[in-house]
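Read off the chains here:
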There are 2 protein chains.
Amino acid sequence: MERLPGFRDFYPEPLPDRDAWSADLRHHIFAAWRNTARRYGFREYDGPPLEPLDLYTVKSGAEIVGQLYHFTDKGGRDVALRPEMTPTLARMAAAHDRHYRKPLKWFAIPQLFRYERQQKGRLREHFQFNADLIGEADPAGDAELIALLIDSLRALGLTADDFVVRLSSRNAWQAFFEQHARPGATPYDFYQAIDKLERDPPEATQARLDAVGIPLDAVRHFIDSGQPTPELARILAELGARGLAPFVRVDYGVIRGLAYYTGPVFEAFDRHGKFRALAGGGRYDDLIKRLSNGRVDLPALGFGMGDVVLAELLKDRRLRPDRFAQLDAFLLIEDESLRPDSLQLLQTLREAGLAVDYPLVAAKSDKQFKRALDLGTVHTVRLERTPEGQVHARVKHLASRSELVSPLAEVARHLRSEPAAPAPAPASPAA
Amino acid sequence: MERLPGFRDFYPEPLPDRDAWSADLRHHIFAAWRNTARRYGFREYDGPPLEPLDLYTVKSGAEIVGQLYHFTDKGGRDVALRPEMTPTLARMAAAHDRHYRKPLKWFAIPQLFRYERQQKGRLREHFQFNADLIGEADPAGDAELIALLIDSLRALGLTADDFVVRLSSRNAWQAFFEQHARPGATPYDFYQAIDKLERDPPEATQARLDAVGIPLDAVRHFIDSGQPTPELARILAELGARGLAPFVRVDYGVIRGLAYYTGPVFEAFDRHGKFRALAGGGRYDDLIKRLSNGRVDLPALGFGMGDVVLAELLKDRRLRPDRFAQLDAFLLIEDESLRPDSLQLLQTLREAGLAVDYPLVAAKSDKQFKRALDLGTVHTVRLERTPEGQVHARVKHLASRSELVSPLAEVARHLRSEPAAPAPAPASPAA
């Protein structure tokens, strides 16, 4: 029985093969996202992975709609696996807009879905860090959100040598469009041409631009000029005050594909240009109003950062942790008459918050020790009976090979402290 | 635009209404599950939320199949939103059974789905803590897994007065069935009758039992006798050695609905009998072999614990945390000329791992302070310019009202330490 094409299994490390995805790396990335959001005062929310199809088809960008993973449910409803989080967020925020004081600073880590028939081998799901700031029209909000984006990547070890946020503005492009376009041309067609400029051959872009009556040279010249608009200058100044200027630059080559953006837009890219965008976002000041049928009118902006390209970049920059889960201790049970005492100690250590494993059934010493090494334990602990019939523990720190004998009540403390001096206890032959 | 019936939105606390689900409580529960699994040496995995329909219809229990949330995708595949995690786990473990040394101790926290047309108001999704132990046939494995179940609930503050694990055995019931049933009767019909015994009226149970030729009195007598089988006695002894005896009792009234269980089975219940089962599981020694078409033969057992009943129980026992996210500090910006310095300090504090928020735009002092209180901050921090033109910070601990003046470089340290003595700095009028 195989899993569906385009979906991933996430395995514990060490991974079974090169193509396997790591549940541990996923957790590492999610923890960095969540912790950065916490430091920034962003609060977690979530919505259903399945939403009414209308939530996407009626109001969103055309690019999303063509890739929807949708179907009719048993009750005859047209539904879709969520392709993006923003419509859900807008729905939720509008439903309780009077309850929460603005600005809202909210984040989520949803799994998102898309279905394209043509693309073999392409993933049909990914996880995405979504952060949004709702209820603030000032560019200070854009700066705060972009700072969160930057620090989320830095939390994973990436530096200004690794990535840059390219900052642009729909407002700047709209002014350009109004100045240059043929009467009757639609801005969205023009934005699509700009969005695909870096990926498509020049002839394809030229064809798209011809449809709105704008010469490619004028577009290229505008991008090369790179003059920040006043709102972009404000954003840059705020980021500069935080010391984050090296992570951002104005670049009108970015415009974002989705239809609903209204102001500043941005994308984070790998500096070496090896990967697709790491993250992207922008202002969508009209979306909440449209999705709430005019009932709630709140300016808003947000970004999404996917796990797939990020995982590739971390691997490329050798920032993928070598080792994930570690046990604090593995209990060796070499004398089965000590199993009940060992189980009691096991429980005590786990209740003290330590990660401890043990052999479920009787096994040879060398097999137990091999298992302990396999599981990546920091210490081994072995109970011993003294000639007087007392039971004590022999605690061994594997990396330093230092060993000590401890009363059972002190084992947790020893497991928590790194060994300093050479083994203070009478040495026994190394295991 | 409404969300689909049976699905939940998860909001940040404080919740907008009594029916809203809390993203913060969800995180609190997930963290307890994940941390307990870590202490027990269980490793995280995950699979796709969408699987081939066959994974469930061909091999699983009849109870699941009637509730599947399934459809045909754009590529003509029959697919289902996962109703349980065990078939996915069995598929994944069988796919790489040579890579991982046994026993595997794996866990996941999937969102699971079901679709019943009849039940109005019933949820169509929930989250479930799934833990499984693969590759160990000895009852020591059952004991380890049940101990994990118990400690997962204890990690949320629940005690032996709050819940009990009712331990039973398919083997015991199978022996009973073979002794009492009419020739040709099928065990699964009998197990269904036992599974529904506590929920159905006696006549319905009697009708089910008549079909297999077993008198209700014989069933009742067997349940009342409650003698542990040798394997259950082993499990009880191992749990006893850990000090967990008060959390478990033999109770043959439990049998579990799913078809694939083979040995010991168990369910955790609220002691007051107010709620449905908190968790349930058991051995399924044949399932991996069946799902891998005989290629991989591994004994296994596992349990699932849902978030919905658990959240209700925590609320009932007043174990739901009152307060969730807290800011370490809120920066008050009362002098706009100090905004750049405030932003620099903001960045420094966040980089030090502290959760800090601030007013995005200029606002009156009292409005800023109200916002700080709303967000539940521990401290406020305000920059001030000395007559000599130096900038220092006034750090106030709101609960104790103690206040001190600090150089900017020392603010992070002050935010980390609880105030001990009364404010050492020259006091200023309270904000």
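Residue positions within a chain follow its written sequence, with the count starting from 1. In the order they appear in the text, chains get letters beginning with A and ligands get numbers beginning with 1. Totals for whole chains, interfaces and linings use every residue, but because this is a predicted model, local features are given only for residues with pLDDT of at least 70 and side-chain atom pairs only at 80 or more, for both listing and counting. Only heavy atoms go into the side-chain values, all of them from the structure, while hydrogens and water stay out.

Draft legend 1. Geometry of the pairing of strand β18 (residues 391-397) of chain B. Residues and elements named next belong to chain B. Only protein chains enter the calculation, and the probe is 1.4 Å; a residue is then buried if its accessible area is under 20% of its type maximum, exposed if over 50%, and partly exposed in between. The secondary structure listing takes helices from DSSP runs of H or I that are at least 4 residues long and strands from runs of E that are at least 2 residues long, numbered from the N terminus. With 6 of 7 residues buried, β18 is to be regarded as a mostly interior element. Relative to β18, strand β17 (residues 377-385) is paired through 7 bridges, and the arrangement is antiparallel. Paired with Glu384 across the bridge in β18 is His392. For two strands to be treated as a pair, DSSP must find at least two bridges joining them. The loop that links β18 with its antiparallel partner strand β19 (residues 402-406) comprises 4 residues; one of these, Arg401, has a positive phi angle of about 60 degrees.

Draft legend 2. Examining unusual backbone geometry more closely. All names here are of chain A. In the segment running from Lys102 into Pro103, the intervening peptide bond is cis, with an omega of -5 degrees. As for its placement among the helices and strands, Pro103 is situated in the loop between α4 (86-95) and β7 (104-108). One non-glycine residue, Arg318, lies in the positive phi region at around 55 degrees. Within the secondary structure layout, Arg318 lies in the loop between α12 (307-316) and β15 (327-332). On the basis of relative accessible area, Arg318 is assigned to the exposed category, the value being 75%.

Draft legend 3. A look at the interface of chain A and chain B. Contacts: residue pairs with any heavy atoms within 4.5 Å of one another. In this complex, chain A contributes 101 residues to the contact, which on the side of chain B involves 101 residues. When chain A packs against chain B, the two sides together hide about 8,600 Å² of surface, and 54% of this comes from carbon and sulfur. As a working definition, buried area equals the accessible area (1.4 Å probe) given up by two parts on being put together, with both sides summed. Per-residue buried area on chain A facing chain B is highest for Met1, Lys74 and Leu360 of chain A; these three make up 10% of the total on that side. Within this document, salt bridges are pairs made up of a side-chain nitrogen of Lys or Arg and a carboxyl oxygen of Asp or Glu, the two lying within 4 Å of each other. Seen at the junction of chain A and chain B, the total is 14 salt bridges. Close ionic contact of Asp374 of chain B with Arg101 of chain A constitutes a salt bridge, the shortest N to O distance being 2.1 Å. A 3.5 Å cut-off defines polar contacts: any pair of N or O atoms within that distance qualifies, except that in protein one atom must be a possible hydrogen donor and the other a possible acceptor, and neighbouring residues in sequence count only when both atoms are side-chain atoms. Our enumeration of links across chain A and chain B arrives at 52 residue pairs in polar contact (both at pLDDT 80 or more). In terms of residue count, helix α13 (residues 339-351) of chain A provides more of the side of chain A that touches chain B than any other element does, 8 residues in total. Under this grouping Gly is polar, as are all residues other than the nonpolar Ala, Val, Leu, Ile, Met, Phe, Trp, Tyr, Cys and Pro and the charged Asp, Glu, Lys and Arg. Within the side of chain A that touches chain B, the residues separate by chemical class into 46 nonpolar, 15 polar and 40 charged.

Draft legend 4. Summary view of the confidence of the model for chain A. Residues and elements named next belong to chain A. Overall, the predicted model of chain A reaches an average pLDDT of 92, with 95% of residues at or above 70. Note that residues 421-431 has pLDDT below 50 and, in this model, 15 contacts with residues that lie over four places away or in other chains. For this predicted complex, the interface confidence reaches an ipTM of 0.93, while the overall pTM sits at 0.94. Looking at any residue, its pLDDT shows the predictor's confidence there, from 0 to 100.

Draft legend 5. Highlighting the pattern of salt bridges. One pass over the structure, following the stated rule, counts 82 salt bridges over all chains. As a salt-bridge pair, Arg8 of chain B and Glu125 of chain B come within 2.9 Å of each other at their nearest N and O atoms. Separated by 117 residues along the polypeptide, Arg8 of chain B in the segment before β1 (10-11) and Glu125 of chain B in strand β9 (residues 125-134) bring together distant segments of the chain. Residue Glu125 of chain B is classed as buried on the basis of its relative accessible area, which comes to 2%. Ionic contacts of the salt-bridge type, sharing partners, join the residues Lys105, Asp138, Glu144, Arg234, Glu238 and Arg242 of chain A together with Arg350 and Asp357 of chain B into one network.

Draft legend 6. Quick peek at the sheet that holds strand β6 (residues 78-81) of chain A. Residues and elements named next belong to chain A. With antiparallel pairing, 3 strands are arranged side by side in an open sheet as β4-β6-β5. Each end of this open sheet is capped by a strand with a single partner; those strands are β4 (50-52) and β5 (69-72). Looking at each pair of strands side by side, their axes are set apart by 35 degrees on average, direction ignored. Judged from the 3 bridges that link them, β4 and β6 form a sheet pairing that is antiparallel. Think of each axis as a best-fit line through the C-alpha atoms, taken over the contacting stretch in the case of a helix, with angles from 0 to 180 degrees between the N-to-C directions.

Draft legend 7. Focus on the relation of the copies chain A and chain B. When the copies are overlaid, the least-squares fit takes in C-alpha atoms only where the residue has pLDDT of at least 70 in both copies. When chain A is fitted to chain B, the residual RMSD is 0.0 Å, and the transformation amounts to a turn of 180 degrees plus an axial shift of 0.0 Å. The relationship between the two copies is best expressed as a two-fold rotation axis. Closest to the rotation axis within chain A is the C-alpha of Phe71 of chain A, separated from it by 3.5 Å. Most of the interface of chain A is mirrored in chain B, where 100% of its interface residues are also at the interface.

Draft legend 8. Molecular detail of the domain arrangement of chain A. Where each domain begins and ends is defined by an automated method or by a domain database. What the domain assignment reports for chain A is domain 1 (10-316) and domain 2 (327-416). Computed over C-alpha atoms, the centres of domain 1 of chain A and domain 2 of chain A are 50 Å apart.

Draft legend 9. Highlighting α13 of chain A. All names here are of chain A. In this analysis, the expected span of each helix is defined as 1.5 Å times one less than the number of residues it contains. With 13 residues, α13 extends 18 Å between its outermost C-alpha atoms, agreeing within 8% with the 18 Å of an ideal straight helix rising 1.5 Å per residue. Listed in full, the buried residues belonging to α13 are Arg339, Ser342, Leu343, Leu345, Leu346, Gln347, Leu349 and Arg350. One or two steps after α13, the chain reaches Gly353, where phi turns positive at roughly 95 degrees.

Draft legend 10. Summary view of the environment of Asp97 of chain A. Residue and element names in this part refer to chain A. Counting through the fold element by element, Asp97 comes out in the loop between α4 and β7. A relative accessible area of 18% places Asp97 in the buried class. In sequence terms Asp97 and Ile134 are 37 residues apart; their C-alpha atoms lie 10.0 Å from each other. Apart from the residues lying within four places of it in its own chain, the contact partners of Asp97 are Lys102, Arg295, Val296 and Leu298.

Draft legend 11. View of the sheet that holds β15 of chain A. Residues and elements named next belong to chain A. Spatially, the 5 strands line up as an open sheet ordered β16-β15-β17-β18-β19, and their pairing is mixed. If you trace the sheet from one side to the other, it starts and ends with β16 (356-357) and β19 (402-406), each paired once. Strand direction decides the pairing type here: strand β18 (residues 391-397) and β19, joined by 5 bridges, are antiparallel. When the bridges of β19 are listed, His397 appears paired with Ser402.

Draft legend 12. Region of the structure containing the packing of aromatic side chains. Residues and elements named next belong to chain B. The criterion for an aromatic pair is that two Phe, Tyr or Trp rings (for Trp, the six-membered ring) have centres within 6.5 Å, with stacked assigned to planes under 30 degrees apart, edge-to-face to planes over 60 apart and tilted to the rest. Inspection of every chain in the model, using the stated rule, returns 50 aromatic pairs over all chains. With a centroid separation of 5.3 Å and 65 degrees between ring planes, the pair formed by Phe30 and Phe127 is classed as edge-to-face. Placement of Phe30 in helix α1 (residues 23-39) and of Phe127 in strand β9 is noted, with a sequence separation of 97 residues between them. Looking at Phe30, the relative accessible area reads 12%, which means it is buried. For Phe127, a relative accessible area of 7% corresponds to the buried category.

Draft legend 13. Representation of the packing of α1 of chain B against helix α5 (residues 139-154) of chain B. All names here are of chain B. It is at 9 Å that the axes of α1 and α5 come closest, and there the two elements cross at 140 degrees. The orientation of α1 with respect to α5, classified from their angle, is oblique. In this structure, the crossing between α1 and α5 has a hand that is right-handed. Counting all contacts with α1, which are made through Trp33, Thr36, Ala37 and Arg39, the residues of α5 involved are Leu148, Asp151 and Ser152. Its residues placed into classes, the contact of α1 with α5 shows 3 nonpolar, 2 polar and 2 charged. By definition in this entry, angles of less than 35 degrees are roughly parallel, angles greater than 145 are roughly antiparallel, angles of 65 to 115 are roughly perpendicular, and the rest are oblique. Take the far helix as your reference; a near helix turned counterclockwise from it by less than a right angle gives a left-handed crossing, and one turned clockwise gives a right-handed crossing.

Draft legend 14. Up close: the side chain of Arg8 of chain A. Residues and elements named next belong to chain A. In this structure Arg8 comes out as buried when scored by relative accessible area, which is 2%. Here the side chain of Arg8 touches Glu125 through a polar contact of 2.9 Å, side chain to side chain. There is a polar contact of 3.1 Å between the side chain of Arg8 and the side chain of Asp307.

Draft legend 15. Layout of helix α10 (residues 230-241) of chain B. Compared with an ideal rise of 1.5 Å per residue, which puts 12 residues at 16 Å, α10 of chain B spans 17 Å between its outermost C-alpha atoms and is within 8% of the ideal. Of all the positions in α10 of chain B, only Leu232, Ile235, Glu238 and Leu239 of chain B are classed as buried. Taken around the axis of α10 of chain B, the buried residues stretch over an arc of 125 degrees, which confines them to a single face. Buried residues in α10 of chain B make contact with α13 of chain A together with α5, β10 (163-169), β11 (248-250) and β12 (264-270) of chain B. Phi turns positive one or two residues past the end of α10 of chain B, at Gly243 of chain B, with a value near 80 degrees. By arc we mean the arc of the directions from the helix axis to the C-beta atoms, nothing more.

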